[in-house]
Amino acid sequence: MKTLGEFYREKILTLPESSLVKRELPDSSGEIRIERDLFGWKLFSGKNFIECRSEEEARYLKIFLDAGLKEVYVPDDEHIKDILPELEALKARIDEIINSYLDGILNPRIRERIRSEVYNEITR
């Protein structure tokens, strides 16, 4: 199984530079959610947010924000639509594996710290 870092290097960083835009992600503080408002899509992390071009871009960025990254290259909408299903499936499988090991840890701070350290390791 690929890690998020391997997927990112193989599927995103190999795209032409003209189709990539570097985006800074908000600090991970609180619940991460996607909302649509009158002007488009927003990705919230607690009270912080960034505006997104589309729902697909917001879903793409949410995966990397949840993994603890501070900045990420975002492909154009056409490429995002192609890779998003595979990326979401990979993230869901990784979450499933991590959560299966964290079931026995009751302290929420320790759970989150371990989860964060695992994501830090697999996004390299």
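Source: prediction; values computed, not measured.

**Focus on the pattern of salt bridges**
No. 1: Under the definition given, this model contains 18 salt bridges.
No. 2: Among the ionic pairs, Lys22 bridges to Glu71, the shortest N-O distance being 3.2 Å. Highlighted residues: Lys22 in strand β1 (residues 20–24) and Glu71 in strand β5 (residues 71–75), separated in sequence by 49 residues.
No. 3: We classify Lys22 as partly exposed; its relative accessible area is 46%.
No. 4: Glu71 sits in the partly exposed class, given a relative accessible area of 39%.

**Some details on the sheet that holds strand β2 (residues 32–37)**
No. 1: If you walk across this open sheet you meet the 3 strands as β2-β3-β4, and the pairing is antiparallel. The two strands at the open ends of the sheet, each matched to only one other strand, are β2 and β4 (48–52). Ignoring strand direction, the axes of neighbouring strands in this sheet form an average angle of 25°.
No. 2: Across 6 bridges, β2 lies against strand β3 (residues 40–45) in antiparallel orientation.

**Quick look at the nonpolar core**
No. 1: Residues Leu4, Tyr60, Leu61 and Val72 are the most contacted members of the largest nonpolar core, which totals 31 residues.
No. 2: For this core, the elements supplying multiple residues, two or more each, are α1 (4–12), β3, β4, α2 (55–66), β5, α3 (77–102) and α4 (108–122).
No. 3: Looking at this core, the element that brings in the most residues is α3, giving 8 residues.
No. 4: Among residues more than four places away in sequence, those in contact with Leu61 are Arg23, Leu25, Leu43, Ile50, Cys52, Val72 and Val74.

**Points about the packing of aromatic side chains**
No. 1: Scanning the entire structure with this criterion turns up 3 aromatic pairs.
No. 2: A centroid spacing of 5.5 Å and a plane angle of 65° characterise the contact between Tyr8 and Phe64, whose relative ring orientation is edge-to-face. One end of the pair, Tyr8, is in helix α1; the other, Phe64, is in helix α2, and 56 residues separate them in sequence.
No. 3: According to the relative accessible area criterion, Tyr8 is buried, its value standing at 14%.
No. 4: Arranged with centres 5.1 Å apart and planes meeting at 65°, the rings of Tyr60 and Phe64 form a pair that is edge-to-face. Remark: Phe64 and Tyr60 occur in helix α2; sequence separation between them is 4 residues, near one turn of the helix. Phe64 matches Tyr60 in its accessibility class, with the two residues each being buried.

Quick notes on the rules
- Counting from 1, residues in each chain are numbered in the order their sequence is written.
- Reporting in this predicted model follows two pLDDT cut-offs: at least 70 for local features of residues, and 80 or more for side-chain atom pairs to be given and counted; totals over whole chains, interfaces and linings ignore these cut-offs and use all residues.
- The basis for every side-chain value is the complete set of non-hydrogen atoms in the structure, without hydrogens or water.
- Basic side-chain nitrogens of Lys or Arg form a salt bridge, by our definition, when they fall within 4 Å of a carboxyl oxygen of Asp or Glu.
- Counting from the N terminus, the helices are DSSP H or I runs at least four residues long and the strands are E runs at least two residues long.
- Only protein chains enter the accessibility calculation, which uses a 1.4 Å probe. A residue is then buried if its area is under 20% of the maximum for its type, exposed if over 50%, and partly exposed in between.
- Strand pairing follows a simple DSSP-based rule, namely that at least 2 bridges must link the two strands.
- Note on geometry: axes are C-alpha line fits, over the in-contact stretch for helices, and angles between N-to-C directions span 0 to 180 degrees.
- Throughout, nonpolar core names a set of buried Ala, Val, Leu, Ile, Met, Phe, Trp, Tyr and Cys residues whose side chains join them through atoms within 4.5 Å.
- What makes two residues a contact is simply this: any of their non-hydrogen atoms within 4.5 Å.
- For this analysis, a ring pair means two rings from Phe, Tyr or Trp (six-membered ring only for Trp) whose centres lie within 6.5 Å, classed as stacked if their planes differ by under 30 degrees, edge-to-face if by over 60, and tilted for the remaining angles.

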